[in-house]
Amino acid sequence: MHQEFKPDRFDGVMSVSKDTKRGPMSLFSRVAVVITSVLSLLVAPVINAEGVSDSNEPRDASPILQSVIDAAKASAEQGYEQNDHGLDDGLKSIDYQTYRAIRFNPEKSLWNGENDYEVQFFHPGFLYELPVTVHTIDESNSAERIPFSSDMFRYDDKAAPLAGLTNDKTGFAGFRVHYPLKNETYKDEFAVFLGASYFRLVGKNQVYGISARGLAIDTALTKGEEFPHFTEFWLIEPKEGQPITIYARLESPSVAGAYKFVIEPGIDTQVDVQSWLFAREDVEKLGVAPFTSMFLYGENSEKRPDDYRPEVHDSDGVLMVTHADEEIWRPLTNPARLQITSLSDSAPKGFGMLQRDGEWGNFLDAEANYHIRPGLWVTPTEGFEKGRLEVVEIPTNSETHDNIVAYWVPEAPLLSGESRYFAYTLKTVERNAFVSELATVIRTRQGQPSLPGEKVKDEAKQTQRRFIVDFSSPDFSSPELAAPELTTPDMSANENTVTSFNPDTTKLIVQGSNGAISQQRLYPVNEGKEWRATFLLKPKDKSTVDMRAYIELDGKRISEVWNYVYQPK
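Note that this is a predicted model, so its numbers are computed, not measured.

Enquirer: Explanation requested: the overall build of the chain in the structure shown.
Expert: Broken down by element type, the chain carries four helices and 36 strands. Here the chain holds 569 residues, and 59% of them are scored as buried. The long-range fraction of contacts in the chain, counting pairs at least 24 apart against all pairs at least 6 apart in sequence, stands at 70%. For the chain, the exposed surface amounts to about 24000 Å²; the carbon and sulfur share of it is 46%.

Enquirer: Mind showing me how you'd approach the pattern of salt bridges here?
Expert: Counted by the stated rule, this structure contains 29 salt bridges. For Glu-57, the salt bridge is made with Arg-59, and the minimal N-O distance between the two is 2.7 Å. Here Asp-188 and Lys-182 are joined by a salt bridge, their closest N and O atoms 3.8 Å apart. Of the residues examined, Lys-182 reaches a relative accessible area of 32% and is grouped as partly exposed. Residues joined by salt bridges that share partners form a network here, namely Asp-307, Arg-309, Asp-365 and Glu-399.

Enquirer: I'm lost on helix 1 (residues 63–76) in this one. Help?
Expert: Residue pairs spaced three or four apart in an α-helix point in one direction, given the helix's 3.6 residues per turn. The end-to-end C-alpha separation of helix 1 is 20 Å, in line with the 20 Å expected for 14 residues at 1.5 Å each. Of the residues making up helix 1, those classed as buried are Ile-64, Leu-65, Gln-66, Val-68, Ile-69, Ala-72, Ser-75 and Ala-76.

Enquirer: What is the right way to look at the sheet that holds strand 28 (residues 465–472) in this model?
Expert: Through backbone hydrogen bonds, the strands of a sheet pair up, either in parallel or in antiparallel fashion. Reading across from one edge, 27-28-33-32 is the order of the four strands in this open sheet, with antiparallel pairing throughout. Edge positions in the open sheet fall to strand 27 (441–447) and strand 32 (515–525), since each of these has one partner strand only. Across the sheet, the mean angle from the axis of one strand to that of its neighbour is 15°, orientation sign disregarded.

Enquirer: Help me understand the packing of aromatic side chains in this model?
Expert: Aromatic ring pairs are defined here through the distance separating the ring centres and the angle between the ring planes. Tallied over the entire structure, the rule returns 39 aromatic pairs. A centroid spacing of 4.9 Å and a plane angle of 90° characterise the contact between Phe-175 and Phe-233, whose relative ring orientation is edge-to-face. Of this pair, Phe-175 sits in strand 7 (residues 174–183) while Phe-233 is found in strand 12 (residues 229–236), placing the two residues 58 residues apart along the sequence. Each ring, one from Phe-193 and one from Phe-261, has its centre 5.4 Å from the other, and the planes form 65°; the classification is edge-to-face. Here the residue Phe-193 occupies a position in strand 8 (residues 186–194), and Phe-261 occupies one in strand 14 (residues 255–264), the gap between them amounting to 68 residues.

Enquirer: Honestly, the nonpolar core in this entry has me stumped. Any pointers?
Expert: In summary, soluble globular proteins display a tendency toward joint burial of nonpolar side chains. Ranked by internal contacts, the top residues of the largest apolar core, which has 88 residues, are Phe-121, Phe-190, Phe-261 and Leu-426. Counting residues per element, this core draws most heavily on strand 8, which supplies five residues.

Enquirer: What should I look at first to understand the environment of Glu-411 in this one?
Expert: Considering the arrangement of structural elements, one finds Glu-411 in the loop between strand 25 (404–410) and strand 26 (419–429). Along the backbone, Glu-411 and Phe-384 are 27 residues apart, and their C-alpha atoms lie at a distance of 9.5 Å. Other than its neighbours up to four places away in sequence, Glu-411 contacts Glu-385, Lys-386 and Gly-387.

Enquirer: Teacher, can you tell me more about the environment of Asn-514 here?
Expert: Counting through the fold element by element, Asn-514 comes out in the loop between strand 31 (506–513) and strand 32. Classification of Asn-514 as partly exposed rests on a relative accessible area of 38%. Expressed as a C-alpha distance, the spacing of Asn-514 and Asp-541, which sit 27 residues apart in the sequence, is 8.3 Å. Within the structure, the side chain of Asn-514 is placed 2.9 Å from the backbone oxygen of Thr-544, a separation counted as a polar contact.

Enquirer: Would you explain unusual backbone geometry in this entry?
Expert: A negative phi angle is the norm for most residues apart from glycine, just as the trans form is the norm for most peptide bonds. For His-85, which is not a glycine, the phi torsion comes out positive at approximately 60°. Its place among the elements puts His-85 in the loop between helix 1 and helix 2 (89–92). With a relative accessible area of 17%, His-85 lands in the buried category. Positive phi, close to 50°, is recorded for Ala-196, a residue that is not glycine. Ala-196 gets classed as buried once you look at its relative accessible area, which sits at 13%.

Enquirer: I'm lost on the pairing of strand 16 (residues 286–293) in this one. Help?
Expert: Most of strand 16 sits inside the fold, with eight of its eight residues counted as buried. Here strand 10 (residues 211–213) pairs with strand 16 via two bridges, running antiparallel. Opposite Ala-212, over in strand 16, you have Phe-291 as the bridge partner. Alignment of strand 11 (residues 216–217) against strand 16, held across two bridges, turns out to be antiparallel. Bridge pairing in strand 16 places Ala-216 opposite Gly-287.

Conventions and cut-offs
Residues numbered from 1 in each chain as written. Predicted model: local features only at pLDDT ≥ 70, side-chain atom pairs only at ≥ 80, totals over all residues. Heavy atoms only, no water. Helix = DSSP H or I, 4+ residues; strand = E, 2+ residues; numbered from the N terminus. Buried < 20%, exposed > 50% of the residue type's maximum accessible area, 1.4 Å probe, protein only. Contact = heavy atoms within 4.5 Å. Areas by Shrake-Rupley, 256 points an atom, 1.4 Å probe, with all protein chains shown as cover. Salt bridge = Lys/Arg side-chain N within 4 Å of Asp/Glu carboxyl O. Expected span 1.5 Å × (residues − 1). Pairing = 2+ DSSP bridges. Axes fitted to C-alpha atoms, helices over the stretch in contact; angles between N-to-C directions. Phe/Tyr/Trp six-rings, centres within 6.5 Å; stacked < 30°, edge-to-face > 60°. Core = buried A, V, L, I, M, F, W, Y, C linked by side-chain atoms within 4.5 Å. Polar contact = N/O pair within 3.5 Å; in protein donor to acceptor, adjacent residues only side chain to side chain.

Now the structure itself:
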């Protein structure tokens, strides 16, 4: 199966090319649920913010990249100006179908027939009113601008008259990179840079879903989000068997920046990201290593539409590994009202937004293929001092709208005239980011606390919810989790199933705010392969409840932390 990226999802970010200064406020002007969870059990080390300096600049080792950084620094000392490259109003006003009728000619690809990598370009217009300038850097380290040419494209049907509205300085909306991932006869598309500071990645057996971004500014604030956008790219012609390296310039009213991306396609595609940021204005909220995704409904949803598909989502949860090696899993929701939550830490070892559910039978969508959409995992290298992983969930009634955003927010503010340096590895992952020795959450479900056939008439009982959280059985072969095997009765499994579950030493810990937790129980299911945690929640009035649950063995935590935010209907 070969895949072509199509710009057919219009989220709050992708559609802001019409005005990249501030996004629509309607999503964030509602009453929002804001919850901050300080989940680390150990005291976090204090690490100072890292600014741009000789220690992280390439200098003579990479003069072109250094010039990109210097240009960003100089730009931040001046006022912000948008550059639309003189794009004709006729291209700005076209509709989606007309835009789709403009197609790139693959024979005009950059490095066509000369390299394992090839690059194809997107036409400006429609939502993409701020074209980017693209340069190539050859083996002699010389940079050359790629002039726009209408000969690179086919203008079909209603798009035919648009060919004459461009010139060689028009620029491109963005580009996509191809490489023979699956076999040597076809070059698969694996990376796309298109719109604002967005880019998407896929590995060998994955299809496009979640998006990454260069930077997020003031997301979910009432004044509206500011959308930085890439303005210029430099593509370094790769040597055989090597990753492709891309430099980029970023601009916004508050920040100017320079980026270096080293992208290696594979079973999981990996990107080493470096960013040098310079503030021209104070930034109230800086979002680093942002993700944008979609969650319409899933196994944990209280209500779902009349749809044959059991679940519809690009991602189903956020995972963070803290400096203290806590693993915190936060299932995503489609809330009734805007919801902003955060997990606080210092120097996290990793975080990401995942699609843990990779079973075809849980989606049944033969076109969207949600079951093979990747997650994205960040491994911080530099600049991730004390801060928080913030998750924004926006109510939506359509899978065509991305409604989930997550990013790292440093505690130290970025003020006018200051700079910041960040470095991290971004990787696509299938289902899980790593194999954990701890018991991990497999599924989260909820329902009324009634018995089969029982009609709930008690008004107080109607507000209660029964939660079921199934964990994988811990890896007791690990020295860290070594435990004696015991024979315990398990009515859901064969009689005398041998498991490592001991009800006398194994304990379920459930905590919650704004609600009462009762009837906690933990027991093995599925022949001991899974452990089921179940409890009853009674919310206080209609207050939002923040819950966490984990498993202890002899007082030691042997599972990841399940963290869930429930909004009573």
